[in-house]
Amino acid sequence: MTLKLHRPDGEGGLEPRPIPDEDWRGQLRSPRWGSGLQGRRLPALRNPEMNPTSVVRSVLFWLGLGVLTFILIVLGYGTGFWG
């Protein structure tokens, strides 16, 4: 039980409070965003700090990391370090 959904009834107990059926999405948007634009649509915002990695570069990175891990494990067991 929370006080958000229940309130004191005056006799030491709690009574359920009806939950209003509100559109919560309206609370997430600021009214000033997009209100001055034509069609009231938000502009497309870019993230200048993010430079996405190409697919080829990311695949080569993960393959290289896998090969390096495999070589490390083979050398570790081959030299008796983990054996």
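Residues numbered from 1 in each chain as written. Predicted model: local features only at pLDDT ≥ 70, side-chain atom pairs only at ≥ 80, totals over all residues. Heavy atoms only, no water.

## Some details on the overall build of the protein
Here is step 1 of the chain: Check the secondary structure of the protein and you find two helices and two strands.
Here is step 2 of the chain: For the protein, the proportion of its 83 residues judged to be buried stands at 4%.
Here is step 3 of the chain: Surface exposure of the protein reaches about 8500 Å², of which carbon and sulfur atoms provide 61%. (Helix = DSSP H or I, 4+ residues; strand = E, 2+ residues; numbered from the N terminus. Buried < 20%, exposed > 50% of the residue type's maximum accessible area, 1.4 Å probe, protein only. Areas by Shrake-Rupley, 256 points an atom, 1.4 Å probe, with all protein chains shown as cover.)

## Details of the packing of aromatic side chains
By convention here, two paired aromatic rings are described through the distance between centres and the angle between planes.
Here is step 1 of the chain: What the rule picks out here adds up to three aromatic pairs.
Here is step 2 of the chain: Pairing Phe61 with Trp62 gives two aromatic rings, centres 5.0 Å apart and planes at 75°, and the pair type is edge-to-face.
Here is step 3 of the chain: Given the relative accessible area of 57%, Trp62 is considered exposed.
Here is step 4 of the chain: Considering the side-chain rings of Tyr77 and Trp82, the 5.8 Å spacing of their centres and the 55° angle between planes classify their relative orientation as tilted.
Here is step 5 of the chain: Note on Trp82: relative accessible area 43%, which makes it partly exposed.
Here is step 6 of the chain: By the ring-pair criterion, three or more aromatic residues cluster together here, those being Tyr77, Phe81 and Trp82. (Phe/Tyr/Trp six-rings, centres within 6.5 Å; stacked < 30°, edge-to-face > 60°.)

## A few points about helix α2 (residues 55-78)
Here is step 1 of the chain: Compared with the 34 Å implied by 1.5 Å per residue over 24 residues, the 34 Å span of α2 between its first and last C-alpha is a close match.
Here is step 2 of the chain: Of all 24 residues in α2, one are buried, a share of ten percent or less. (Expected span 1.5 Å × (residues − 1).)

## Digging into the confidence of the model for the protein
Here is step 1 of the chain: Taken residue by residue, the protein gives an average pLDDT of 79. The fraction at 70 or more is 67%.
Here is step 2 of the chain: By mean pLDDT, helix α1 (residues 25-28) is the weakest element of the protein at 62, and α2 is the strongest at 96. (pLDDT = per-residue confidence, 0-100.)

## As for the environment of Pro18
Here is step 1 of the chain: Looking at where Pro18 falls in the secondary structure, it is placed in the loop between β2 (14-16) and α1.
Here is step 2 of the chain: Judged by its relative accessible area of 65%, Pro18 is exposed.
Here is step 3 of the chain: Separated by 13 residues in sequence, Pro18 and Leu5 place their C-alpha atoms 7.5 Å apart.

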